[in-house]
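Given next are the chains, with one letter for each unit.
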Amino acid sequence: MERREEQPGSAGAGAAPALDFTVENVEKALHQLYYDPNIENKNLAQKWLMQAQVSPQAWHFSWQLLQPDKVPEIQYFGASALHIKISRYWSDIPTDQYESLKAQLFTQITHFASGSKIVLTRLCVALASLALSMMPDAWPCAVADMVRLFQAEDSPVDGQGRCLALLELLTVLPEEFQTSRLPQYRKGLVRASLAVECGAVFPLLEQLLQQPNSPSCVRQKVLKCFSSWVQLEVPLQDCEALIQAAFAALQDSELFDTSVEAIVNAISQPDAQRYVNTLLKLIPLVLGLQEQLRQAVQNGDMETSHGICRIAVALGENHSRALLDQVEHWQSFLALVNMIMFCTGIPGHYPVNETTSSLTLTFWYTLQDDILSFEAEKQAVYQQVYRPVYFQLVDVLLHKAQFPSDEEYGFWSSDEKEQFRIYRVDISDTLMYVYEMLGAELLSNLYDKLGRLLTSSEEPYSWQHTEALLYGFQSIAETIDVNYSDVVPGLIGLIPRISISNVQLADTVMFTIGALSEWLADHPVMINSVLPLVLHALGNPELSVSSVSTLKKICRECKYDLPPYAANIVAVSQDVLMKQIHKTSQCMWLMQALGFLLSALQVEEILKNLHSLISPYIQQLEKLAEEIPNPSNKLAIVHILGLLSNLFTTLDVSHHEDDHEGPELRKLPVPQGPNPVVVVLQQVFQLIQKVLSKWLNDAQVVEAVCAIFEKSVKTLLDDFAPMVPQLCEMLGRMYSTIPQASALDLTRQLVHIFAHEPAHFPPIEALFLLVTSVTLTLFQQGPRDHPDIVDSFMQLLAQALKRKPDLFLCERLDVKAVFQCAVLALKFPEAPTVKASCGFFTELLPRCGEVDCVGKVVQEDGRMLLVAVLEAIGGQASRSLMDCFADILFALNKHCFSLLSMWIKEALQPPGFPSARLSPEQKDTFSQQILRERVNKRRVKEMVKEFTLLCRGLHGTDYTADY
């Protein structure tokens with residue numbers, strides 16, 4: 001059957017007829033791909049060439065493209081086409097042609113042994129692919145044959161050329177195996193066959209390395225070939241001679257990188273730990289590199305020090321458990337650990353002067369885990385040996401975490417500074433982990449060092465040293481409970497003595513105080529030692545993130561002990577807010593901090609503080625409300641509304657008790673009168689409505705207004721009740737004018753908290769009916785442009801069914817239209833919208849029996865829902881959503897069984913539905929399986945996953961591996 005396809009180039013350029021994959025046309029297309037300046041022509045040529053490579057004609061033109069008179073680009077395409085045909089279309093090749101194909105490839109490789117290297121490599125890959133497809137039955141001694149053929153003396157190519165071609169072939173063979181598409185059972189057979197063939201490769205490699213006159217290029221190739229083969233999990237003892245040869249080659253600068261790669265690959269293979277005797281022989285070889293490592297560090301040779309470090313870490317990290325088990329060899333392993341310690345502490349600042357130390361960090365985790373996994377007696381012995389090592393590690397890491405001098409740091413690029421920041425985070429994580437090994441003694445050790453540093457009068461200390469010690473403290477205190485540590489009081493006492501002359505040091509002081517905020521809550525007498533530092537730092541824009549986040553932590557953890565300081569905190573915060581020192585996100589955090597702080601005060605105090613805090617913003621908002629909308633005043637409005645909503649997020653006077661504190665621990669004042677937040681909201685309500693009237697068509701402003709009320713509702717819960725009627729009225733007006741998702745989300749919150757209360761049901765019901773009516777009208781006009789509104793609407797409907805199904809009883813609610821719109825929403829391309837629609841149906845279907853109008857609609861339109869679900873499973877929807885559709889099937893089966901058993905047979909009757917790939921038997925099996933399972937939801941999900949793979953033609957393929 002003939003197909004018509006595009007040929008690259010225009011007819012005027014002498015384009016050939018479609019699908020005429022001749023040598024001439026391929027050459028023209030390649031010329032177009034490489035040299036035509038028009039990108040569209042290049043793309044057309046590439047598309048056509050990809051079709052050419054997989055066409056039947058490729059078997060013919062590939063060999064012709066390899067002719068000696070062609071340029072390398074054309075020859076390369078020919079070799080690539082051969083590889084694609086062999087690797088992907090092996091089943092098309094008749095078995096009686098295997099030998100001639102093999103012979104032709106050998107001939108071509110021999111020709112190119114002294115020709116273009118890139119073409120030679122592609123031909124070797126093609127022959128490797130052929131060998132893997134024929135092994136072990138059709139070509140039992142493939143590797144031995146390759147070696148024998150290339151060693152034949154009658155070849156026209158010189159010995160070195162043949163040798164390099166053979167090594168290239170042997171190198172790509174294991175690489176091609178790793179990436180091959182062989183079926184799993186064949187992979188196992190071929191792997192076993194290659195393991196045996198290894199006996200033909202390693203002696204040759206050893207011989208080539210041992211020959212004193214072997215050229216450098218041959219030795220380089222030998223090491224690459226060895227590196228490739230060891231990844232086939234060759235027994236480590238079989239690699240001993242080659243590993244030793246690779247260690248010797250490390251002295252040759254030309255072979256250094258390749259040798260490192262080969263040694264690391266050999267040591268790192270998972271199976272290597274079984275060969276403990278070989279591993280023990282490797283330790284002296286690695287230790288023997290220490291002098292070369294020291295020389296490299298001294299000469300600033302980063303490549304050499306990096307390579308040697310990789311070798312030491314590969315041995316230590318991959319085999320620490322196996323080597324620790326050899327207790328009688330503990331000293332040699334300790335020497336290896338000390339060598340890795342040298343690499344961790346390598347001189348210079350990361351990443352500017354060195355990039356090696358970061359390689360070692362994972363080793364320290366591994367070693368610690370292995371030591372702590374031993375039984376008590378053995379662990380005690382190793383703890384005695386390695387605790388001093390880990391204390392030394394802490395010193396080394398804190399030294400490496402030190403900032404360079406201000407002058408030097410000023411020359412660093414932003415990328416280098418970011419890499420250094422990430423490196424310090426890695427060090428912080430390591431210190432936190434090491435705490436498990438060293439315990440409280442580690443904190444004492446850090447405290448003693450810091451104390452000596454700050455109280456010594458002998459020599460001036462550097463801020464970098466102080467900062468690093470504090471950073472160590474902060475790393476541990478952030479995640480470990482230090483409440484029972486006896487050194488924290490001393491540390492809090494030392495902090496005010498630190499002479500802060502630098503932003504980095506000041507930042508770390510702030511973060512350390514923040515990390516100790518829980519401790520301060522248990523020791524409130526110490527708050528006054530550090531709070532002034534934090535408040536002072538608030539005025540410095542360079543300390544914005546650290547000072548604001550620390551104040552927020554203190555206000556959250558210590559709020560009941562802060563009333564004496566409240567006036568000062570509010571005054572300083574107000575001052576920095578008015579001066580606009582901080583960026584928007586820090587201003588929001590600061591408002592959250594003040595919310596926590598005010599929550600602990602008496603109501604009249606809260607109102608007084610709120611008045612002074614908010615008044616300037618209200619005045620500003622009043623002014624903005626009068627102005628004609630423009631981009632700059634929009635930013636100011638959103639900023640002010642954001643400040644209010646963040647304040648109300650944390651301002652909670654209901655004093656919900658912390659889980660760990662019984663009421664007997666802390667007598668809390670009972671608030672009198674209305675909630676302060678409600679008082680403020682009622683005062684500004686008219687103003688907010690005025691702002692809205694001008695900005696109703698701006699999603700950002702509407703969202704900011706809704707956020708104030710949504711966060712207040714979440715925090716206040718029942719205390720918000722007085723606001724419900726007027727908020728419902730405002731939301732209704734907003735949504736009727738311009739529907740926005742944020743208004744639906746706020747309606748959902750009100751339904752969730754207040755719909756079940758009789759006093760609030762009428763306004764909420766009125767709002768629910770109104771937004772439903774408006775949204776249904778939106779569906780009639782075309783909802784595809786508003787997936788966010790549809791998503792929020794579906795979530796609102798589900799919440800209504802969950803909290804107050806009575807909302808669906810109202811005669812004014814068109815349940816049938818709601819149902820049909822939800823079915824339509826199942827077909828949206830946006831996953832969150834589809835998920836929300838599925839959530840609605842899983843809430844609706846269980847109400848079939850108890851809500852008459854729901855039961856009636858499901859009976860009339862349920863088949864439409866089932867068809868939509870089956871279409872989605874058949875391939876219309878993303879596979880990631882299949883669990884959601886399975887939930888609908890499960891709900892239908894559980895609550896509408898008799899209807900489902902009738903519908904599913906009818907729906908699956910038409911040929912090709914829901915997928916042309918399904919047989920009638922597969923559809924029948926699926927419907928029976930679904931109808932049988934009414935209890936186990938997980939089983940239904942598995943059935944749906946299985947069925948969707950059949951529908952998509954993916955069942956039993958690699959695509960299902962992670963599914």
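What you are looking at is a predicted structure, and each value in this text was computed from that prediction instead of being measured.

Looking at this model, I keep getting lost on the overall build of the chain. Mind explaining?
Secondary structure summary: the chain contains 44 helices and zero strands in total. Counting only C-alpha atoms, the chain reaches 105 × 90 × 65 Å along its principal axes. Buried positions account for 54% of the 963 residues belonging to the chain. Pairs at least 24 residues apart make up 73% of the contacts formed inside the chain by residues separated by at least 6 positions. In the chain, 75 side chains carry a positive charge and 110 a negative one; their mean positions are 6 Å apart.

Got a minute to help me understand the pattern of salt bridges in this structure?
Considering all chains together, one arrives at 35 salt bridges under this definition. A salt bridge links Glu 27 to Lys 70; its shortest N-O distance comes to 2.6 Å. Taken as a pair, Glu 27 in helix H1 (residues 23–35) and Lys 70 in the loop between helix H3 (58–65) and helix H4 (72–88) lie far apart in primary sequence, 43 residues in all. Judged by relative accessible area, Glu 27 falls into the partly exposed class, the value being 22%. Through salt bridges with shared partners, one network takes in Lys 816, Lys 856, Glu 860 and Asp 861.

For this particular structure, what's the right way to read the state of the cysteines?
Note on terminology: disulfide describes a covalent bond linking the sulfur atoms of two cysteines. Using the criterion set out here, one finds zero disulfides in the structure. Here Cys 951 stays unpaired: no disulfide links it, and the sulfur of Cys 838, its closest cysteine neighbor, is 16 Å away. Here Cys 951 falls in the buried class, since its relative accessible area comes to 1%.

How should the environment of Arg 863 be read in this particular structure?
Mapped onto the elements, Arg 863 comes out in helix H40 (residues 852–876). Within the local environment of Arg 863, its side chain forms a polar contact with the side chain of Glu 906, the two groups lying 3.1 Å apart.

Got a minute to help me understand the side chain of Gln 53 in this structure?
With respect to the helices, strands and loops of the structure, Gln 53 is situated in helix H2 (residues 39–54). Take Gln 53: its relative accessible area is 11%, and that puts it in the buried class. Sequence-distant contacts of Gln 53, defined by excluding residues within four places in its chain, comprise Ala 58, Phe 61, Phe 77, Ser 80, Ala 81, Ile 84 and Lys 85.

Help me understand the packing of helix H7 (residues 142–151) against helix H8 (residues 159–179) in this model?
The packing of two helices is summarised by the inter-axis angle and the distance between the axes. Packing of H7 against H8 leaves a shortest axis separation of 9 Å and a crossing angle of 165°. It follows that H7 is roughly antiparallel to H8 by the angle criterion. When the axes of H7 and H8 are compared, the crossing they make is right-handed. Across the interface between the two elements, Val 143, Met 146, Val 147, Phe 150 and Gln 151 from H7 touch Arg 162, Ala 165, Leu 166, Leu 169, Leu 170 and Leu 173 from H8. Residue classes in the contact of H7 with H8 are distributed as nine nonpolar, one polar and one charged.

Would you mind going over the packing of helix H22 (residues 463–477) against helix H24 (residues 503–515) with me for this structure?
The interhelical angle for the contact between H22 and H24, taken along N-to-C directions, is 25°, at an axis separation of 9 Å. The orientation of H22 with respect to H24, classified from their angle, is roughly parallel. Both H22 and H24 take part in a crossing whose hand is left-handed. Each of Trp 463, Thr 466, Glu 467, Leu 470, Tyr 471, Gln 474 and Ala 477 in H22 lies in contact with H24, whose residues at this interface are Gln 504, Leu 505, Thr 508, Val 509, Phe 511, Thr 512 and Ala 515. When grouped by side-chain class, the residues that make up the contact of H22 with H24 number eight nonpolar, five polar and one charged.

Help me understand the environment of Pro 676, please; the structure alone is not making it clear to me.
If you trace the backbone, Pro 676 turns up in helix H32 (residues 676–695). Owing to a relative accessible area of 1%, Pro 676 belongs among the buried residues under this scheme. A C-alpha to C-alpha distance of 57 Å links Pro 676 and Leu 949, two positions 273 residues apart in sequence.

Help me out: how do you make sense of the UniProt feature "domain: Importin N-terminal" (unreviewed entry) in the chain in this one?
Taking the numbering used here, the UniProt-annotated feature "domain: Importin N-terminal" (unreviewed entry) corresponds to residues 45–111. As annotated, residues 45–111 has a helix share of 73% and a strand share of 0%, and its two end C-alpha atoms lie 29 Å apart.

Help me understand the nonpolar core in this model?
A general trend in soluble globular proteins is that nonpolar side chains are found buried together. Ranked by size, the top nonpolar core spans 334 residues in total, and within it Trp 229, Tyr 386, Phe 709, Phe 720, Phe 808 and Phe 885 carry the most contacts. Top contributing element to this core by residue count: helix H6 (residues 117–134), with 12 residues. Residue contacts for Trp 229: discarding those within four places in its chain leaves Val 143, Leu 170, Leu 173, Pro 174, Leu 194, Cys 198, Val 201, Phe 202 and Val 234.

I'm lost on helix H26 (residues 527–537) in this one. Help?
Because an α-helix packs 3.6 residues into every turn, residues spaced three or four apart end up facing the same way. Residues of H26 that are buried include every one of Ile 527, Val 530, Leu 531, Val 534, Leu 535 and Ala 537, and no others. In a view along the axis of H26, the buried residues occupy a sector of 155°, so they form one face of it. In this structure, the buried side of H26 is in contact with helix H23 (488–494), H24, helix H25 (517–522), helix H27 (544–557) and helix H28 (563–578).

Teacher, can you tell me more about the packing of aromatic side chains here?
When we look at a pair of aromatic rings, we describe it by the centre distance and by the angle of the planes. Scanning the model with the defined rule gives 25 aromatic pairs in all. Centroid distance Phe 685 to Phe 709: 5.8 Å. Interplanar angle 70°. Geometry classified as edge-to-face. Taken together, the residues span a long stretch of sequence, with Phe 685 in helix H32 and Phe 709 in helix H33 (residues 699–716) at a distance of 24 residues. On the basis of relative accessible area, Phe 685 is assigned to the buried category, the value being 2%. Taken together, Tyr 350, Phe 403, Tyr 409, Trp 412, Phe 420, Tyr 423 and Trp 463 form an aromatic cluster joined through their ring pairs. When the ring centre of Trp 139 is taken as reference, the NZ or CZ atom of Lys 102 above it lies at 4.0 Å. Seen from the ring of Tyr 471, Arg 424 lies directly overhead, with NZ or CZ sitting 4.0 Å from the centre.

Is there a simple way to think about the side chain of Lys 70 in this case?
We classify Lys 70 as buried; its relative accessible area is 19%. Here Glu 27 takes part through its side chain, which lies 2.6 Å from a polar atom of the side chain of Lys 70. Residues contacting Lys 70, with those up to four places away along its chain left out, are Val 23, Glu 27, Gln 64, Leu 65 and Gln 75.

I tried to follow unusual backbone geometry on my own but got confused; where do I start?
A cis amide bond links Tyr 350 to the next residue, Pro 351, at an omega of 0°. Following Phe 913, the chain continues to Pro 914 via a peptide bond in cis, the omega torsion being -5°. Along the chain, Pro 914 falls in the loop between helix H42 (897–907) and helix H43 (920–932). Even without glycine at this site, Leu 717 takes up a positive phi of about 55°. You can see Leu 717 is positioned in the loop between H33 and helix H34 (724–737). Relative accessible area serves as the criterion here: at 36%, Leu 717 is assigned to the partly exposed category.

Honestly, the confidence of the model for the chain in this entry has me stumped. Any pointers?
Should the pLDDT be low somewhere, the predicted coordinates at that spot are not to be read in detail. Within the chain, residue pLDDT values average 90, and 94% of them lie at 70 or more. Every residue in residues 1–18 is under pLDDT 50, and counting partners more than four places away or in other chains gives 25 contacts.

For this particular structure, what's the right way to read the environment of Leu 282?
With respect to the helices and strands, the residue Leu 282 is situated in helix H13 (residues 276–287). Its relative accessible area of 4% is what places Leu 282 among the buried residues. Measuring from C-alpha to C-alpha, the distance between Leu 282 and Gln 331 comes to 14 Å, with 49 residues separating the pair along the chain. Ignoring any residue separated from it by four or fewer positions in sequence, one finds Leu 282 in contact with Ile 243, Phe 247, Ile 267 and Leu 315.

It is not clear to me how helix H39 (residues 831–844) should be interpreted in this structure. Could you clarify?
In this model H39 runs 20 Å from its N-terminal to its C-terminal C-alpha over 14 residues, within 8% of the 20 Å that 1.5 Å per residue would give. Listed as buried for H39 are Thr 833, Val 834, Ala 836, Ser 837, Cys 838, Phe 840, Phe 841, Glu 843 and Leu 844. On the buried face of H39, the contacting elements are helix H37 (787–803), helix H38 (815–825), H40 and helix H41 (882–895).

Cut-off values and rules
Residues numbered from 1 in each chain as written. Predicted model: local features only at pLDDT ≥ 70, side-chain atom pairs only at ≥ 80, totals over all residues. Heavy atoms only, no water. Helix = DSSP H or I, 4+ residues; strand = E, 2+ residues; numbered from the N terminus. Buried < 20%, exposed > 50% of the residue type's maximum accessible area, 1.4 Å probe, protein only. Contact = heavy atoms within 4.5 Å. Lys, Arg positive; Asp, Glu negative; His and termini not counted. Charge placed at Lys NZ, Arg CZ, Asp CG, Glu CD. Salt bridge = Lys/Arg side-chain N within 4 Å of Asp/Glu carboxyl O. Disulfide = S-S within 2.5 Å. Polar contact = N/O pair within 3.5 Å; in protein donor to acceptor, adjacent residues only side chain to side chain. Axes fitted to C-alpha atoms, helices over the stretch in contact; angles between N-to-C directions. Parallel < 35°, antiparallel > 145°, perpendicular 65-115°, else oblique. Left-handed = near helix turned anticlockwise from the far one by under 90°. Nonpolar A, V, L, I, M, F, W, Y, C, P; charged D, E, K, R; others polar. UniProt positions renumbered as here; feature names shortened; annotations may be inferred. Core = buried A, V, L, I, M, F, W, Y, C linked by side-chain atoms within 4.5 Å. Arc of directions from axis to C-beta. Phe/Tyr/Trp six-rings, centres within 6.5 Å; stacked < 30°, edge-to-face > 60°. Lys NZ or Arg CZ within 6 Å of the ring centre and 35° of its normal. pLDDT = per-residue confidence, 0-100. Expected span 1.5 Å × (residues − 1).

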